[in-house]
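Structure at a glance
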Amino acid sequence: MKNHLITPLDLRPVGRRVLDGAFVLGLLLALWGCAGERAPESSFVLLDGSTVSTKQLQGKVTLVNFWATSCTTCVAEMPELVATHNKYKDRGYVTLAVAMSYDPPSYVVNFAQSRQLPFAVAIDNTGAVAREWGDIKLTPTTFVVNKQGEIVKRFVGTPDFAELHKLIEKLLAST
C-alpha cells in the first residue's frame with residue numbers, strides 16, 4: 001500500500017471553494033437590507049443627552065453608521081464620513097454615528113470631541129439599536145436611508161465613497 005501525502009496543491013480546490021463561499025456570503029450580507037425595506041423605528045440617545053428618532057429623520061437622506069472607537073477601520077473611515085457630511089449637510093443630508101454598546105461612553109465622547117465630529121453621535125449602551133437594525137455585530141456597518149425612511153443601501157466595512165456620493169446625490173435630487 002502506497003502512502004500518500006497531502007500537499008498544499010491537493011488542498012487548493014477546497015480552499016478555493018471556501019473562499020468562493022465566503023465571497024458569496026459576504027455579497028449576500030452586503031445586499032441584505034436594501035431596496036425599500038423600512039428603517040426600523042429607533043430612538044437614538046445623543047452625546048448631549050437629547051434623542052432623535054428615525055421618524056424625525058424622515059424627509060432627509062440619512063447615513064446611519066454603526067462604529068466603535070476600538071475598530072481601526074471605523075477610525076480610519078471617519079475623516080471621509082466627516083467630509084461627506086460637510087459636503088451634503090446643507091442639502092438635507094444627516095449623518096448619525098452610533099457607537100456600539102461595548103464602547104465605553106468616555107471613549108466615544110473623547111473621540112467625538114477630539115476630532116470635532118460635525119454630526120450627531122449616539123451611544124447604543126443597551127445594544128437595542130444595533131438589534132433593531134438587524135443585530136449588527138460587525139463594524140463599521142453603514143446604512144443609507146432615503147427621504148421616505150427606506151433603507152436603500154447597506155455597507156459592511158468601509159463604503160466605496162465615490163459610489164456613496166453618487167447615491168447621496170441621486171437621493172437628494174429625488175422627491
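Keep in mind that this is a model prediction, so the values were computed, not measured. (Residues numbered from 1 in each chain as written. Predicted model: local features only at pLDDT ≥ 70, side-chain atom pairs only at ≥ 80, totals over all residues. Heavy atoms only, no water.)

The subject of this paragraph is helix α6 (residues 161-173). Because each turn of an α-helix spans 3.6 residues, side chains separated by three or four positions end up pointing in the same direction. Taking 1.5 Å as the rise per residue, α6 with 13 residues should run 18 Å; its terminal C-alpha atoms sit 18 Å apart, in good agreement. Phe161, Leu164, His165, Leu167, Ile168, Leu171 and Leu172 are the residues of α6 that are buried. Looking down the long axis of α6, one finds its buried residues gathered within 165° of arc, a one-sided arrangement. Set apart from the buried face of α6 by more than 90 degrees, the exposed residues are Ala162, Lys166, Lys170 and Ala173. The inward-facing, buried residues of α6 abut β4 (61-67), α3 (72-88), β5 (93-99), β7 (141-145) and β8 (150-156). (Helix = DSSP H or I, 4+ residues; strand = E, 2+ residues; numbered from the N terminus. Expected span 1.5 Å × (residues − 1). Buried < 20%, exposed > 50% of the residue type's maximum accessible area, 1.4 Å probe, protein only. Arc of directions from axis to C-beta. Contact = heavy atoms within 4.5 Å.)

Throughout the structure, instances matching the rule amount to one disulfide. Here Cys71 pairs with Cys74 through a disulfide, and the sulfurs are 2.4 Å apart. Every disulfide takes its handedness from the sign of the S-S torsion; for Cys71 and Cys74 that torsion is 80°, giving right-handed. Each of the two residues, Cys71 as well as Cys74, counts as buried. (Disulfide = S-S within 2.5 Å.)

Quick look at unusual backbone geometry now. Cis rather than trans, the peptide bond between Thr139 and Pro140 has omega equal to -5°. With a phi close to 50°, Gln116 is a non-glycine residue in the positive phi region. Relative to the assigned elements, Gln116 resides in the loop between α4 (105-114) and β6 (120-123). By relative accessible area, which is 66% here, Gln116 ends up exposed.

What follows concerns the packing of aromatic side chains. Taken as a whole and judged by the stated rule, the model has six aromatic pairs. Ring geometry for Phe44 versus Trp133: centroids 6.4 Å apart, planes at 45°, classification tilted. Here Trp133 lies in the loop between α5 (128-132) and β7 and Phe44 lies in strand β2 (residues 43-45), a separation of 89 residues in the sequence. With respect to class, Phe44 is no different from Trp133; both count as buried. Ring centres 5.9 Å apart and planes at 65° place the aromatic pair Tyr88 and Tyr93 in the edge-to-face group. A residue is classified by how much of its surface remains accessible, and Tyr88, at 1% relative accessible area, is buried. Through successive ring pairs, a cluster of aromatic residues spans Phe44, Phe66, Trp133 and Phe143. When the ring centre of Phe155 is taken as origin, the NZ or CZ atom of Lys153, which lies over that ring, is 5.4 Å away. (Phe/Tyr/Trp six-rings, centres within 6.5 Å; stacked < 30°, edge-to-face > 60°. Lys NZ or Arg CZ within 6 Å of the ring centre and 35° of its normal.)

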